[in-house]
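# What the coordinates show
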Amino acid sequence: PAASAGGDGKSKKIFVLGGDGFCGWPVALHLSDIGHEVVIVDNLSRRKIDVDLGAQSLTPITPAEERVATWNGLSSREPIRFVNLDLALEYDRFVQMMREERPDTMIHFAEQRAAPYSQKTPATKRYTVDNNVRATHNVLCGIVESGLDIHLVHLGTMGVYGYGNSGGEIPEGYIDVQLPGGRERSILHPAYPGSVYHATKCLDATLFQFYAKNDLLRLTDLHQGIVWGTNTDLTARDERLVNRFDYDGEYGTVLNRFLMQAACGIPLTVYGTGGQTRAFIHIKDTCKCIELAVANPPEPKPDWGAVEILNQVAQTARVRDVARIVSDLTGVEMQLTENPRNEAAENELAAENELDVSNRKFKMLGLEPTLLESAAGLMTEVTEVANKYQHRVDRSKVVSKAYWNKERAAAAGAAD
Ligand code: NAD
């Protein structure tokens, strides 16, 4: 097959941790398609959570082995392999696997990623911390133990910066401050999580900082916005490759939920005033960003700025403006509802929250982000997918049942 392997022309062996998930699966296919050798590592916990929640992907995703075999049948590249392994619980097996396979790069998607789910019950809070922090630390500790020079690319979130917390543009990971005594220093942007899930990403960032400084690991942390869309050109090649599409109140992210609601003629539920500003990125751009991050590993260095941090974001927009774009496109109305979350737009002291984000590094590396205003075609693609699988929608699952704190639950009559 024609070589390309993403920018620097080097074909790498890449572990995609969490490669059965919504972002991981299309990224695994993309990296394979451009000529990298891909091994997916996933414990399928996301599929099990669906069973527990009585929810399912809107799209009928096939079992992991079947989607991988389908891809390998269609592609002329090195076959993708799938390994069922729990990164939080099977440390020794994972280190053994690294030693045998000797990957150049690992991409770490393998965490519980829904903020509402992380706030749902004491059990889901504890699971989110146990799973995410252990998985991340096992990966870091395992790289050191393996003795290999592996570049780790981690998917973090814009939520680590906190929302409604900034006065001006959010930089890429670091801010310049004057320390007591007058010394100037570039430090990690203060962490200000809004949920247990976001708190785990802040803890991850501290672990990265330590391992980059202490063990000189090559680490890239991507602070990603809300991903929208479902299929890419590659997952659309065969119905058995279809990507997952979460629409339920816990896992469905805002723009995809609106597009699904529009396809089903359900009013678009906007929490609170809809004045919350969020960062967005289309799934195709996620794939491109990971390709660029893989091609540009940072040099190891023992100082404060050792972790390469990029904001993986196409643009920011207010939730109600996003709803308006979808409403204008589809004719389905918006509906303001009580906000179950403890968010800044709800706070009388804070005006509606603002989020102004730098994505300079990705742009310099060549990303041409897809903007919402000119993405009617891509939005229509999603509503078509949602239309096609409308018979699988359980309308009772669309609105979140998770309340951020007891006061909010009581106000909504949902205590306990
Ligand atoms: P997802 O839940 O669809 O995928 C995560 C995958 O990781 C799942 O397949 C799950 O089974 C696997 N996994 C979880 N814990 C594991 C463990 N201990 N061992 C092995 N596998 C494990 O989530 P996603 O939407 O694809 O998100 C991927 C990453 O990107 C997450 O870390 C998330 O925080 C980040 N992110 C996602 C979004 C978004 O909008 N989807 C936005 C910002 C950041």
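Heads up: the structure comes first, above all this text.
Before going into details, it helps to say that this report is about the structure given with it. (Residues numbered from 1 in each chain as written. Predicted model: local features only at pLDDT ≥ 70, side-chain atom pairs only at ≥ 80, totals over all residues. Heavy atoms only, no water.)

## Focus: the site of the ligand
Near the ligand there are 29 residues, and of these Cys23, Asp42, Arg113, Asn131 and Tyr197 occur at the shortest range. Between the ligand and Phe22 there is a distance of 2.9 Å, counted from an oxygen atom to a backbone nitrogen or oxygen. The contact in question runs from an oxygen atom of the ligand to an N or O atom on the backbone of Val227, over 2.9 Å. Taking 830 Å² as the accessible area of the ligand by itself, protein coverage stands at 97%. Taken together, the elements giving at least two residues each to the shell around the ligand come down to helix 2 (45-53), strand 5 (151-157), helix 7 (196-215) and strand 10 (226-228). In terms of residue class, the shell around the ligand is built from twelve nonpolar, nine polar and eight charged. (Near = heavy atom within 4 Å. Polar contact = N/O pair within 3.5 Å; in protein donor to acceptor, adjacent residues only side chain to side chain. Areas by Shrake-Rupley, 256 points an atom, 1.4 Å probe, with all protein chains shown as cover. Helix = DSSP H or I, 4+ residues; strand = E, 2+ residues; numbered from the N terminus. Nonpolar A, V, L, I, M, F, W, Y, C, P; charged D, E, K, R; others polar.)

## Brief notes about the sheet that holds strand 10
The mixed open sheet is built from three strands, whose spatial order is 10-12-14. Both outer strands of the open sheet, strand 10 and strand 14 (315-318), are each paired with one neighbouring strand and no more. Across this sheet, the average inter-strand angle for adjacent strands is 45°, counted without regard to direction. Pairing between strand 12 (residues 277-282) and strand 14: four bridges, direction antiparallel. Looking at strand 14, one finds that Phe280 is bridged to Gln315. Contacts between helix 10 (residues 319-330) and the sheet are confined to strand 12 and strand 14, with strand 14 contributing the most and set at about 90° to the helix. (Pairing = 2+ DSSP bridges. Axes fitted to C-alpha atoms, helices over the stretch in contact; angles between N-to-C directions. Contact = heavy atoms within 4.5 Å.)

## A few points about the side chain of Asn359
Inspection of the secondary structure puts Asn359 in the loop between strand 16 (356-357) and helix 11 (360-365). For Asn359, the side chain forms a polar contact with the main-chain oxygen of Val313, separated by 2.8 Å.

## Regarding the pairing of strand 7 (residues 174-178)
Bridge count between strand 7 and strand 8 (residues 184-188): five bridges; the pairing is antiparallel. Residue pairing in the sheet places Val177 in a bridge with Arg185 of strand 8. Between strand 7 and strand 8, which follow one another and run antiparallel, lie five residues, and Gly181 among them has a positive phi close to 100°.

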